[in-house]
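Take a look at the letters that make up each chain.
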Amino acid sequence: MLKKITPRLWILIIALVISIYAINLNPWASGIEITNVEPGSLEEQYGINNKEIIKSVNDISINTVLDYYNAVSKYSNTAKEIELITDKGVYNYNATDDIGFIQDNLTIISAREPILNTKERIISINKIEINDIKYFNKAIENLFPKKPITITTSKSIYSYSTNTIPKISVSKSKITNLKKGLDLEGGTRALIKPVSDKDIMDLDVENLIDVIEKRLNVYGLSDIKIRPANIGNEKLVLIEISGADSEEVKEKISQQGKFEAKIGDEIVFIGGNKDIPFVCKDDGTCATITSCDVFEGTNQCIFQFAITLSEEAAKRHSEVTKTLNVIQEDSGSRLDKTLDLYLDDRLVNSLQIGSELKGLETTQIAISGPGFGTTRDAAIDDASKNMNELQSVLITGSLPFKIEILKLDSISPIVGNNFVQNALLVGIVALIGVALVVYIRYRRIKILIPIMITTISELIIILGAASLIKWNLDLVAIAGIIASIGTGVDHQIIITDEIISGESQNLNWKERIKRAFFIIMGAYATTVVTMIPLWNAGAGLVRGFAVTTIIGTSIGVFITRPAFASIAEKLFNK
Amino acid sequence: MRLYKYFDKSIYKKVINGHFVSKIMGIKEFYFKNLKRLIILPILLVLLSLFIITSHYYKTGDLFNKDVSLQGGISASLNTDKEFPDLEKQLELQTNKDVTIRKLTEFGSDNQIGILIESSDVKNDELRSALEKITNIKLTKENYSVQETGPSLGRLFYRQMLISLIISFILMSLVIIFIYRSIIPSIAVISAAFSDMAVTIAIIDLMGLKISTAGIAALLLLMGYSVDTDVLLSTRMIKRKEDPVEERITKSIKTGLTMTATTIAALFAGYFISNSFVIKEMFIILMIGLVVDIIMTYIVNTNLLLGYVKKNA
C-alpha cells in the first residue's frame, strides 16, 4: 500500500502533518497562561517564565482568570500607617508594599515617599527603636510580612515567600497557534503622518518608528507593530497595538515631539542621544519625587531626575550662561534668564538656572518640575506622570517634525469572538454547498470524496502556513483564505474534467494532467498578478488579503493540486 | 443525432429524464445557432454600463459610491442586543449631521447583536456623547469599536486603490499575452475581463452599494476569477484540435459553469451567514461579477475566438 503513495502524495501528507503541528489545535486548552513576568520581581528571580500554564496556586486549582485573582487576593496588602522618626523630624505616612525608602547603614539614601528626606538617620519606626540593621529588618518583616506561596505550572512547582501579589500578567490559554489580527483581537490601530517643512526622508521615518516603539514600550504597551506605510508620495507610519486603549495610544503618540531647551533664543540642547546621552529613569536613586507642599489649597509635588549632557551640549550651555547676569533672591541666587523647555514648539517648562551654573561647563544636570492635584496622592501621580513624559522625550530622542494622526481605530474584542464562531459556520456551510454542486455535476462519490478531502487539506495547510509565519489573521486575510479555497475547488474541477474527457480520447495520464496544469498555471498566474498591487495599497491594510490569497493559491497549485492528480489517477484508472 | 455525442454517457449512471435532456439540447441548439447574434447582448450591456458609470461620475465625481473608509468619516459599532428603532433620527437631531444605521444580526435568529453607525461628518467625541446620551449605555473599549478615517486619507486610499485596479489589469493582460503569444486570443480574454468589470461596477452603482477598500480588493480578486474561466475556454478552443469546435466549447461551458457554481455556492453561504459587513460587501461584489462573467465568457470570448479558431483549423 505504501508503495502506492506517490511522491506528490507524500508532499501533501508531510505538509498536512507540519500544518497540524503548527496550528497546535488544543480545544481542551485549560488553565491560565502567564503572559508577562515583571523584570526584577521575585517571580523572575525564582525562574517563572512566560507561556507557562498555571495549574494551581497553593493547591487551589486554577481554571479561569477569576480563579487566579481570587487565589492570590490574600497576598494583596492594605496600607499600613508608618511613623518614622529620624534625627531631623517625625514623619507620618502610609505604605502598602514596602517602607518607601532605601537605607544604607540606617541612613536614608533615597526616598520614594515624598515627605522623607535623604541623609537623615533612622531613629525609630512605629515606636520601635532601630539600633542596628537587625532591628530594621525585623521591623520591615513585621510591617510587610512575607507569606509562603506555591505556584504549580505546567513546567514546574515554585515555592517562595512574598508580601505582594505575584508580579505577573495572566490570560486565558490559547486554543490554537493562529495569531488573530486586530479585527479579531481588539486593540488600537493608528495611521500617522510626520509633518515638517523639510522633506521627510526614509531615514526620518525609520527614526520615527524607532522612537515611537521605545516610547510605547516605556509606557508598558507590548505587542506593538509599527511599520512604514506609503501611499503614493506620502510617507506614513502604521501602528497596531493589541489590547490597547485608543485614547491612551493617541495621547502617547501625540506627545511624541520635538524637544528643545533654549535660553532666550539660543538652543542649548535638544532631545536625543547626541546631546543627551543619559537620562536617569530608575526609581529611588537619581529619579525621585523630592517633596510635596500645599499651596493655596492645591497639593504640589516636585520631581527630579538627572541627565548627562554631551560635552558639546555642556560647552554650549556654559557659553550661553556665561553672558547672563546673576539675580539675588531670598531663596538663593539665579541667572536672569530661564532655561525654557519647548515640546512641539510649545513652552512646557521654564527652569530657573542656579547661579552656580553660570559659565560652568558641566555634563551633570538635574531637571525638576512640578505635579499638581487636589490630594497629595493625586499630586504625586501627576508629578510621576510629568516626570515620565519628560524623561521619555529626552530618552528616546526628539524628532524634527510633528505627528498628525490620520486614522485612529479602536476595535473591541467582542466582535472578534463572535466572528470566529461565525466564520466556522460559514466554512462548514460553504463546504456543504460546494459538495452539493460537485455531486450534482458528477454523480460519483469517487469524484466527490477526493475533491472534498483535497479541499479540506488545503484549508488546513493554509492555516498551518499562517501559523508558521505568524501571520495575523484579520477579516481581509480570512476573506483571502476563502478566495483561495474557491480557486482550489475550481482547479480540481478543471483537472477532473480533463481526466474524464481525456478518457474518451484515449490520451495517457501524463498528457491529460499536463493539459489540465497548463490551464491551472495560467489561472494561477493571473490571480497572483492581480493581488500584487494590493501589497502596498491602502497603507497595507488590505495586504492580509493579498498575502493569504497568494499563499493559499500557491499552496494549492504546488502541493494540493499535484496530490489531487495522483489521487485521481488511483481512483479513475481502473 | 450528432448532438448526442456531446454527453459523455458514462458519467450519468442514472437514467436521465428524457425531457431534461431535450431541454438542455434545446438550449444548446439555440446557443450555437445564434452565437454570432448573441454578441449583441454583452455589447449592449457594456455600453449601458459605461453610460451608467460615466453618468455616476458626473453626478458624484467618483466611479462608484464610497463608504466612510474611502470618503473620510467614522464607522462605529456598538455591541448590544437592545434595539433602538429611532436611533438614526435621534442621532441626526443631536449632532445635526447625516448618520446611517445598520443592524448586525445573528445568523438564523434575527437577534440583534450590534449596531453599525456610519457618518462622514460627525467627529468621534460628538458621536460618543450623543450615543451614550440616547442609548444610556456606557461606551467602553469592550463594547464599542470605532474606525475613524480623515478625508484626506480616504482620498489617498481611493486613488491608490484605483491605481491598483489599473496596474492589476495591465499585469493580468501581460500574463495572458505571455500565455497565448498571439493577439486575438489575448484580446478575447482581456475584453471579457474588462466587460465583466465594467458591468459589475455599473450594477454596483445602480444598487447604491457603498464600496470600501475591502470592496476594491474584491474587485481585484474578481478580475483573477473571471479570467480563470476565460483561460479555460480559450485554451480548450485553441489547443484541443481533436474535437470539433462546438464540442470543445460545450465541454468548456460544462467545466466552467461547474467552477462558477461551486464558487457562488460558497460565496452565497458566506454572504448570508457571516455577520461581518466587510465580508458581505466583498462576497456580493464577487457574486455579481461571477454571474456577469458567465455571459461575458461564453458569448464575448467565444465569439472572438470562433473566427480565429476556424481560420487556423
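Bear in mind that the values here come from a model prediction, so they are computed numbers and not experimental data.

**Description of the state of the cysteines**
Residue and element names in this part refer to chain A. Overall, the coordinates contain one disulfide over all chains when judged by the stated rule. Disulfide partner of Cys-292: Cys-301, at an S-S distance of 1.9 Å. Judged by the sign of its S-S torsion, about 105 degrees, the cystine formed by Cys-292 and Cys-301 is right-handed. The same class applies to Cys-292 and to Cys-301, which are both buried.

**Topic: the pattern of salt bridges**
All names here are of chain A. Here the structure, examined in full by the defined rule, presents 15 salt bridges over all chains. For Arg-316, the salt bridge is made with Glu-312, and the minimal N-O distance between the two is 3.8 Å. Of this pair, Arg-316 and Glu-312 both sit in helix H8 (residues 311-322), four residues apart, which is roughly one turn of that helix. For Arg-441, the salt bridge goes to Asp-497, with nearest N and O atoms at 3.1 Å. Note that Arg-441 is positioned in helix H10 (residues 413-442) and Asp-497 in helix H12 (residues 475-504), a separation of 56 residues in sequence.

**With respect to the confidence of the model for chain B**
Residues and elements named next belong to chain B. Taken as a whole, chain B shows an average pLDDT of 82; of its residues, 91% reach a score of 70 or greater. Looking at the elements of chain B, mean pLDDT is at its lowest for helix H1 (residues 18-38), recorded as 73, and at its highest for helix H2 (residues 40-60), recorded as 91. Residue range residues 10-17 is modelled with pLDDT below 50. Its contacts to residues more than four positions away, or to other chains, number eight contacts. Interface confidence for the predicted complex, given as ipTM, is 0.81, next to a pTM of 0.69.

**Structural notes on the packing of aromatic side chains**
Counted under the stated rule, the structure contains nine aromatic pairs over all chains. Seen in terms of ring centroids, Phe-303 of chain A and Phe-305 of chain A are 6.2 Å apart; in terms of plane orientation they differ by 15 degrees. Their pairing is stacked. A residue is classified by how much of its surface remains accessible, and Phe-303 of chain A, at 2% relative accessible area, is buried. On the basis of an interplanar angle of 80 degrees and a centroid distance of 5.3 Å, the ring pair of Tyr-271 of chain B and Phe-272 of chain B is categorised as edge-to-face. Here the aromatic residues Phe-268, Tyr-271 and Phe-272 of chain B are joined through ring pairs into a cluster of three or more. Seen from the ring of Phe-178 of chain B, Arg-181 of chain B lies directly overhead, with NZ or CZ sitting 4.7 Å from the centre.

Parameters and conventions
Residues numbered from 1 in each chain as written. Chains lettered and ligands numbered in written order. Predicted model: local features only at pLDDT ≥ 70, side-chain atom pairs only at ≥ 80, totals over all residues. Heavy atoms only, no water. Disulfide = S-S within 2.5 Å. Buried < 20%, exposed > 50% of the residue type's maximum accessible area, 1.4 Å probe, protein only. Salt bridge = Lys/Arg side-chain N within 4 Å of Asp/Glu carboxyl O. Helix = DSSP H or I, 4+ residues; strand = E, 2+ residues; numbered from the N terminus. pLDDT = per-residue confidence, 0-100. Contact = heavy atoms within 4.5 Å. Phe/Tyr/Trp six-rings, centres within 6.5 Å; stacked < 30°, edge-to-face > 60°. Lys NZ or Arg CZ within 6 Å of the ring centre and 35° of its normal.

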